[in-house]
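Chain and residue survey
Listed below are the residues making up each chain.
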Amino acid sequence: MNGVLRGWTVGVLLAGCTTGSFAGRLEKAFAALGQYDYFKAKELFTKETGRQPAAAWYGLSVITGRADNPFFHLDSSYTAIRRSMEAYLLLDGRAKVRLAKLGVDSASIHAQWEHVGSLAWQQVAAMSRVEDYERFIAAYAGSSMVPQAIERRNELAFAQAREANTAAAYRAFLDRYPDAGEAMGARSRLQEAVFREAVPQGTVAQYEAFILDHPESPHVRDAQDMLFELATPNKTAEEYAAFIHRYPENPNVPDAWRSMYASYTKVLSVQHITRFLKDHPDYPFIGELMNDYKVASLVLYPFRQGGRWGYIDRDGVERIKAEFDFAEAFAQGQAQVAMDGRNGSVNKLGNPVIPLVYDDVLDYREGLATVELNGRQGAVDRNGKLVVPLEFEEVGEFEHGLAPASQQGRFGYIDGTGKLVVPFTFQGAMRFHHGLAVVALEDQRGVINAHGELVVPCAFDWVEGYMYMHLSRVRKDGHMGIIDRFGAEVLAVEHDHVGPFKNGLALVIDQGKCGYVDTKGQWVIPQRYEANALTIGMGDFHNGSARVLSGGKWGMVDTLGNIMIQPQYANIGLLESGLIPVKRKNKWGYIKPSFANVVEARYDQAWELHEGYGRVESAGRIGLVDSLGKEVVPPTYLGLSDCTGGILIARGEQGSGVIDPAGNVLIPLQYDTVSPVDQGLVKVTEGNRFGYLRLADGVFLWKEEGFGTPSTN
């Protein structure tokens, strides 16, 4: 007993010496470690943990941190180095100097601590599971790899939440990782999931309940729009009236009122307006109605006299004096005009609506028109009242009450009063579509929602915008793909070309091959077809069919990928009115989707049908065939338009005129140009003069002075 005690005492007394039982034991431990005698080194270090913990725990950490021995265990190694570090901090200067002679100092302890952490990180990163990252973050709190572990853990956890794609999954993610970089995206997806789960069947009752239960949700407007759509499936006056009565606070009510009014007044007459006002005396836009009432049956056309512009009626009588610099056609009761270099609009009585004081006036959208004066822009309503002050550099088109605008070279969004809704923080901004708008920062494009939140980071060279459902094509570094409304890749941004969605499918081209994906980014038609220079322009779906190239020959497939027309043609056109133009060798004809020949391949060119008629060309002359394949107009014309409104613009040796689909000449082919104005009237030109001709009898409604005589210009 005394010997043991005395030996221990001597050991303590000799702790600072280079010889003695204690110093010798540590030296022997480190020597054994250097010779890879891990069993002896571990035994010696373990005995010294109570006497010299800083050095002993360091040695044990080295042993358990090496994979070349049976004691390898990273958690034990990390625990040991933490104990060594804690013990080392309690040593005085002399003790630290003594340990330094054995190679144990703050630098070596820290290096071992980082080494163990890096080994643990490699294991965790190889497994790449949320639970492993969680354990690493908790166990190796001081490691320099912890920030990266947190980042990867958050990415994986968010990916799991996205895979589940439920409100519960996004809530759990946000509750657990509120500071994650993905939190903003999770909040947006949470809102979308709450909306989606609240309206699983998309019924009126579900949309109503959602609006009531979630008044602050950004998807309230989506629900309101869906109520409008569901309530007015046939777009009848009765449906619009019922919608207005049931949902007076819905933001679509103004559209419903105007649509209902339009349904009453398809033919604008005093009788129709009076009946509408009798049925709906509470119409809110009474000023617009009264303007229509004054000129209900009046149809006006721009005319020119002495170099000035005015308007005539259907009888060719001057109704608005020719005193304007220019005069555009009337639309919704107003026409844009200019006088003395100033722009505005007039009604059909010739009275100014938008005062003629502006440098520029754009078309109305959502009842508002952008105006510009002295380099500043604002907006006026349909009564010409300036409702958005002239204090912006630019004001774009309104959509759902918001329009892009700019000040000092930066873009944001304003409402219909000019109030700033989204701050001026962007380099560029586009109009909203489906509640989302494309914006630019540092020459990269991203997407915001109606609250101005960046839901898709500005990381793309081009973002199309959400024209089709909640999907957008994007381009980055010369490659294209498709993203959803949150910026998640539906189709990886790695393809040579991605076309727009048509009939639910999008054309995808890579390295001379093409196929089609659906709205989930899944291949419906694999990339088994060839792609050449024409494919981008003619490979999209149309009327349930797409033109495909195989073996240098063209054919056609349906939306399921079934072959409708075997690839055997030199070229092929679009399916319209039951016929498809096809080219055999050097000649064109028509076939049906059943592959039955309808028109023999004898034409130099054949186009798709319009209104049941298709143009054909032979020897430089153009004619017409009908949907039965009958040649109704022989190829005799130098030029022929598609059939529109039951007429075709034809061009012969002497000029242009109008024919009907039976080949009857309605307007002689003697004019420089012919263009339809409305049903029953065309505009014709000779030189720099023009006139209006009636189709019914070929008589001029009006013609400019000097029309029909040789021009002096």
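Let's talk about the pattern of salt bridges
Side-chain pairs of opposite charge can arise whenever the charged atoms involved come near each other. All chains considered together, the criterion is met by 24 salt bridges. The partner of Glu 208 in a salt bridge is Arg 246, with the nearest N and O atoms 2.9 Å apart. Of this pair, Glu 208 sits in helix α12 (residues 204-213) while Arg 246 sits in helix α14 (residues 237-246), placing them 38 residues apart in sequence. The partner of Glu 397 in a salt bridge is Arg 431, and the shortest N-O contact between them spans 3.0 Å. Here the residue Glu 397 occupies a position in the loop between β11 (394-395) and β12 (403-407), and Arg 431 occupies one in the loop between β15 (428-429) and β16 (436-441), the gap between them amounting to 34 residues. Each of Arg 365, Glu 397, Glu 399 and Arg 431 takes part in a single network of salt bridges with overlapping partners.

A word on a nonpolar patch on the surface
A surface patch of nonpolar side chains, amounting to about 310 Å² of accessible area, comprises Val 270, Ile 286, Met 290 and Tyr 293. Among the elements that line the nonpolar patch, the one with the most residues is helix α17 (residues 286-294), at three residues. Structurally, Met 290 can be placed in helix α17.

Here's the deal with α14
Among all positions in α14, only Ala 237, Glu 239, Tyr 240, Phe 243 and Ile 244 are buried. In an axial view of α14, the angular spread of the buried residues amounts to 165°, which keeps them on one side of the axis. Turned more than 90 degrees off the buried face of α14, the exposed positions are Glu 238, His 245 and Arg 246. Its buried side turned inward, α14 meets α13 (220-231) and α15 (253-264).

A short note on the environment of Tyr 170
Mapped onto the elements, Tyr 170 comes out in helix α10 (residues 167-176). Residues Tyr 170 and Ala 186, 16 residues apart in the sequence, show an inter-C-alpha distance of 5.8 Å. With residues near it in sequence (within four places) discarded, Tyr 170 still touches Phe 158, Ala 161, Arg 162, Asn 165, Ala 186, Arg 189, Leu 190 and Ala 193.

Brief notes about the pairing of strand β21 (residues 479-484)
In terms of burial, β21 is a largely internal element, five of the six residues being buried. Here six bridges tie strand β20 (residues 471-476) to β21, and the two strands are oriented antiparallel to one another. Within β21, the residue paired with Arg 473 across the bridge is Ile 482. Here β20 folds back onto β21, and the loop between the two strands holds two residues, one of which, Asp 477, carries a positive phi near 50°. As paired elements, β21 and strand β22 (residues 489-495) share three bridges and run antiparallel to each other. If you follow Met 480 over to β22, its bridge partner there is His 495.

Focus: unusual backbone geometry
What is expected of a backbone is that most residues other than glycine have negative phi and most peptide bonds are trans. Backbone geometry places Asn 165, a non-glycine residue, at a positive phi of 55°. As for its position among the elements, Asn 165 is in the loop between α9 (146-164) and α10. Look at Asn 165 and you get partly exposed, because its relative accessible area is 28%. For Asp 477, which is not glycine, the phi torsion reads 50° and is therefore positive. Within the secondary structure layout, Asp 477 lies in the loop between β20 and β21.

Section: the sheet that holds strand β36 (residues 621-626)
If you walk across this open sheet you meet the four strands as β34-β35-β36-β37, and the pairing is antiparallel. A single partner strand is all that each edge strand has here, and the edge strands are β34 (605-610) and β37 (631-637). The sheet shows a mean angle of 20° between the axes of neighbouring strands, taken without regard to direction.

Let's talk about the sheet that holds strand β45 (residues 700-703)
Sheet strands pair by backbone hydrogen bonding; their relative direction is either parallel or antiparallel. The four strands lie next to each other as β42-β43-β44-β45, forming an open sheet whose pairing is antiparallel. Where the open sheet ends on each side, the last strands, each with one partner, are β42 (673-678) and β45. Across the sheet, the mean angle from the axis of one strand to that of its neighbour is 25°, orientation sign disregarded. Bridging between strand β43 (residues 681-686) and strand β44 (residues 689-694) involves six bridges; their strand directions are antiparallel. Residue Leu 681 lies in a different strand from β44, and its bridge partner there is Arg 694.

Side note on the confidence of the model for the protein chain
A low pLDDT means the predicted coordinates there should not be read in detail. Taken residue by residue, the protein chain gives an average pLDDT of 90. The fraction at 70 or more is 96%. Note on residues 1-22: pLDDT is under 50 here. Beyond four places in sequence and across chains, it has 14 contacts.

Details of the side chain of Asp 518
Relative to the assigned elements, Asp 518 resides in the loop between β25 (513-517) and β26 (523-530). One buried charged residue, Asp 518, remains without a salt bridge, the closest side chain of opposite sign being Lys 520 at 6.6 Å.

Regarding the pairing of strand β9 (residues 376-381)
Here β9 lies mainly inside the structure; five of its six residues are buried. As paired elements, strand β8 (residues 368-373) and β9 share six bridges and run antiparallel to each other. In the strand pairing of β9, Glu 372 is matched with Gln 377. As judged from the three bridges shared by β9 and strand β10 (residues 386-392), these two strands associate in the antiparallel manner. Its bridge partner lying in β10, Ala 379 is registered against Val 388. Connecting β9 to the antiparallel partner β10 that follows it, the hairpin turn spans four residues, and Gly 384 within it adopts a positive phi of roughly 85°.

The rules behind the values
Residues numbered from 1 in each chain as written. Predicted model: local features only at pLDDT ≥ 70, side-chain atom pairs only at ≥ 80, totals over all residues. Heavy atoms only, no water. Salt bridge = Lys/Arg side-chain N within 4 Å of Asp/Glu carboxyl O. Helix = DSSP H or I, 4+ residues; strand = E, 2+ residues; numbered from the N terminus. Patch = residues over 30% accessible without salt bridge, like charges linked within 9 Å, V, L, I, M, F, W, Y side chains within 5 Å. Areas by Shrake-Rupley, 256 points an atom, 1.4 Å probe, with all protein chains shown as cover. Buried < 20%, exposed > 50% of the residue type's maximum accessible area, 1.4 Å probe, protein only. Arc of directions from axis to C-beta. Contact = heavy atoms within 4.5 Å. Pairing = 2+ DSSP bridges. Axes fitted to C-alpha atoms, helices over the stretch in contact; angles between N-to-C directions. pLDDT = per-residue confidence, 0-100. Lys, Arg positive; Asp, Glu negative; His and termini not counted.

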